[in-house]
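Here's the letter readout for the chains.
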2 protein chains.
Amino acid sequence: MSRATLADVARRAGVSVSTASRALNGLDGPSVETRRAVADAASALQYRPSVLARSLRTRRSHTIGFVVPDISSPFYAAVLRSAHERLHDAGYRLMLMNSNRDAGEEIEALGTLLDHPVDGLLLATTGLRTTQFERTVGTVPCVFFDGILTGVGTGSVGVMNESGMGLLVDHLVEHGHRRIALLAGQQTETTGIERLRGFRAAMKRHGLPVARGHIRPCDWTQESGRLETRVLLGLHPRPTAIIAAGDDLAFGCFAACREMGLDLPADLALASFDDPYFGQLLEPALTALTSKPVEIGQIAASLLVDALRGVERSERDIRLPVELLRRASCGCVA
Amino acid sequence: MSRATLADVARRAGVSVSTASRALNGLDGPSVETRRAVADAASALQYRPSVLARSLRTRRSHTIGFVVPDISSPFYAAVLRSAHERLHDAGYRLMLMNSNRDAGEEIEALGTLLDHPVDGLLLATTGLRTTQFERTVGTVPCVFFDGILTGVGTGSVGVMNESGMGLLVDHLVEHGHRRIALLAGQQTETTGIERLRGFRAAMKRHGLPVARGHIRPCDWTQESGRLETRVLLGLHPRPTAIIAAGDDLAFGCFAACREMGLDLPADLALASFDDPYFGQLLEPALTALTSKPVEIGQIAASLLVDALRGVERSERDIRLPVELLRRASCGCVA
DNA sequence: TTGTAAGCGTTATCAC
DNA sequence: GTGATAACGCTTACAA
């Protein structure tokens, strides 16, 4: 005795499968009595429709694929939660994939999801090319977030990377810093690229030179931040301030300073682009920009749901403004 | 021109669908030439089998359901990543659900997953009853982790909650504390229950009384930790040390102390059951137990995969030992 | 208002 | 070796 099928329900209600289907789906046709009989039979048998069979027939799986570089990152986890909530409310399930910060794995992940198939995609890309994207995703609705590919897909959500970086540079300059270095993050991802661009622009705006070796492209990891900070601190002249393009990079900088017996912010000022949710609890508290994972997830999911429902939206590429959280690591008094 | 189907491949190769199916699935029967022809046709058409149709027919979806109280929690996110990796390698996809720390939502989530259907479940339960579980999950393989329901399911993985809590109490007692309070966490989840039990046992073992009101059952949130800490600090006599049963509770305690101008560990000692991955970077660094999300995810996934493959395992309920990380918040010198 | 039947894209059981 | 053909459980013209 496995799960009851629609045929079982129909038999018990004394009607045909099509009538049973119509009754359960609330289509017009069946009389009130018929509906009642079918509903009774269904609940008596504890009938639950097979999503699989329905999807095969209707060509809609009500499943969304979610692909990120690293789901264990608190930022992506927070985006996931909020996107999931929105999608769940809209009747969608979520299938998860990790690209592991590798373009090849990302393509494979997309392929797996499309085979399933998924009705739409939420993607934080880790450096896909436009042609690769078009070839593997085709016309399936896809909303980018955080890691964005421009010119393709049905929409995108992110923060204002360039102007945000400007805020950080401006603030450090206000503190009197002139030799500012950047832990730049991975330069295959839009976030890394745009933040670096914003850094260069802001430094230029202030008429400040960017010393040779003061820009450190690197992985988005704590270990990488630690290593690159050590390199920076070994330079002559040594930077007096460091901007980390991501929170893990900032942690790495923390760790390096601790190892080397340096005091933040007395010996070195630090500002981070991303604000981890415990930025406040660090010592010194971390100066950072508001990162908005909840908003990003919610908006990305909404864009996708609208696209799936055929709703046209005027604004398809959304960039959220960020604000500076002045805390202690930059030299502001707590 | 949508995706090519098996029929398209068969037609192009000049064979029947059944032969094409056999050839592609490597079943014996088809001759070498036939195999070759089918493979050529398949790649020419960029054929990708429909997972949906295959699942409907074989009654295996190769999809696993993953249910947690809150996926934005770094602990669960880390478990997810490691479990996902293991499952991916074994050819399974992962469908995600959030129970939002609510038993009703958890049941609904399980129902949704089973409708899909999923071949197995990875579940951190938030206080399900045995009968509820049996009714909704039936015989589908389910491995519990973190939040565990004993006596049902195909296995479980967690840490040694009781002895771990003993380690924390022992250590604070070594520091000379006698009035130790507990931010106990939610008492519907096994983790909360077992950690409280371990706390009582350890206090008893040391012959220490547990003062009235010194045990604070509460939500697992930072806000809750902050509030309960304030309550504890308003008590007479006031506890000299607090143990947080979870990391967010410890952060709340941090926040409360900061608000009240109290110095950790001089005015109050703090030890946490869970170690957040940045515990080292806090000031003071957080004394905690090693939490092992990566191991937990990996083991849980392995147990499930074994069960799905019909492999019998002797050890089905695994409890990982934990170690004490002596840092500064308990009063140890850094 | 209801029923019949075709099909969604596979796999599996038969014959040949 | 290979090919019809019947499922898997559902939706949806089209008939009645």
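Scroll up to find the structure.
None of these values were measured; they are calculated from a predicted model.

Colleague: In this structure, what is going on with the relation of the copies chain B and chain A? I would like to understand it.
Modeller: For the pair chain B and chain A, the superposition axis carries a translation of 0.0 Å, the fit reaches an RMSD of 0.1 Å, and the rotation angle comes to 180°. The relationship between the two copies is best expressed as a two-fold rotation axis. Most of the interface of chain B is mirrored in chain A, where 100% of its interface residues again form contacts.

Colleague: Teacher, can you tell me more about the interface of chain B and chain A here?
Modeller: As a measure of interface size, the accessible area lost when the parts come together is often cited. The partner chain A presents 30 residues to the 29 residues of chain B that form the contact. Secondary structure elements with two or more residues in the side of chain B that touches chain A: helix H4 (51-58), helix H5 (74-89), strand S2 (93-98), helix H6 (103-115) and helix H11 (247-259) of chain B. Sorting elements by how many residues they give to the side of chain B that touches chain A places H5 of chain B first, with six residues. Here the residues of the side of chain B that touches chain A sort into 18 nonpolar, six polar and five charged. Relative to S2 of chain B, strand S2 (residues 93-98) of chain A runs antiparallel, the two sharing three bridges. The residue of S2 of chain B that forms the bridge with Leu96 of chain A is Leu94 of chain B.

Colleague: Is there a simple way to think about helix H12 (residues 293-308) of chain B in this case?
Modeller: Because the α-helix completes a turn every 3.6 residues, residues three or four places apart line up on one side. Residue and element names in this part refer to chain B. Between its terminal C-alpha atoms H12 stretches 22 Å, which fits the 22 Å expected from 16 residues at 1.5 Å a residue. Of all the residues in H12, the buried ones are Pro293, Ile296, Gly297, Ile299, Ala300, Ala301, Ser302, Leu303, Leu304, Val305 and Ala307. Check the buried side of H12 and you find it contacts strand S1 (63-68), H5, strand S3 (120-123), strand S4 (142-145), strand S5 (155-159) and strand S11 (317-320). Directly beyond the C-terminal end of H12, a positive phi value near 80° is found at Gly310.

Colleague: Sorry, what's going on with the environment of Gln298 of chain B here?
Modeller: All names here are of chain B. Of note, Gln298 is situated in helix H12. Taking the C-alpha atoms as reference points, Gln298 and Val79, separated by 219 residues in sequence, lie 7.7 Å from one another. Beyond its immediate sequence surroundings of up to four residues, Gln298 is in contact with Ser82, Ala83 and Arg86.

Colleague: Can you help me understand the environment of Leu114 of chain B in this one?
Modeller: Summarising the element assignment, Leu114 of chain B is placed in helix H6. Separated by 22 residues in sequence, Leu114 of chain B and Thr136 of chain B place their C-alpha atoms 8.5 Å apart.

Criteria and cut-off values
- Residues numbered from 1 in each chain as written.
- Chains lettered and ligands numbered in written order.
- Predicted model: local features only at pLDDT ≥ 70, side-chain atom pairs only at ≥ 80, totals over all residues.
- Least-squares fit on C-alpha atoms with pLDDT ≥ 70 in both.
- Contact = placed C-beta atoms within 7 Å.
- Helix = DSSP H or I, 4+ residues; strand = E, 2+ residues; numbered from the N terminus.
- Nonpolar A, V, L, I, M, F, W, Y, C, P; charged D, E, K, R; others polar.
- Pairing = 2+ DSSP bridges.
- Expected span 1.5 Å × (residues − 1).
- Buried ≥ 20, exposed ≤ 12 C-beta atoms within 10 Å, placed from the backbone.

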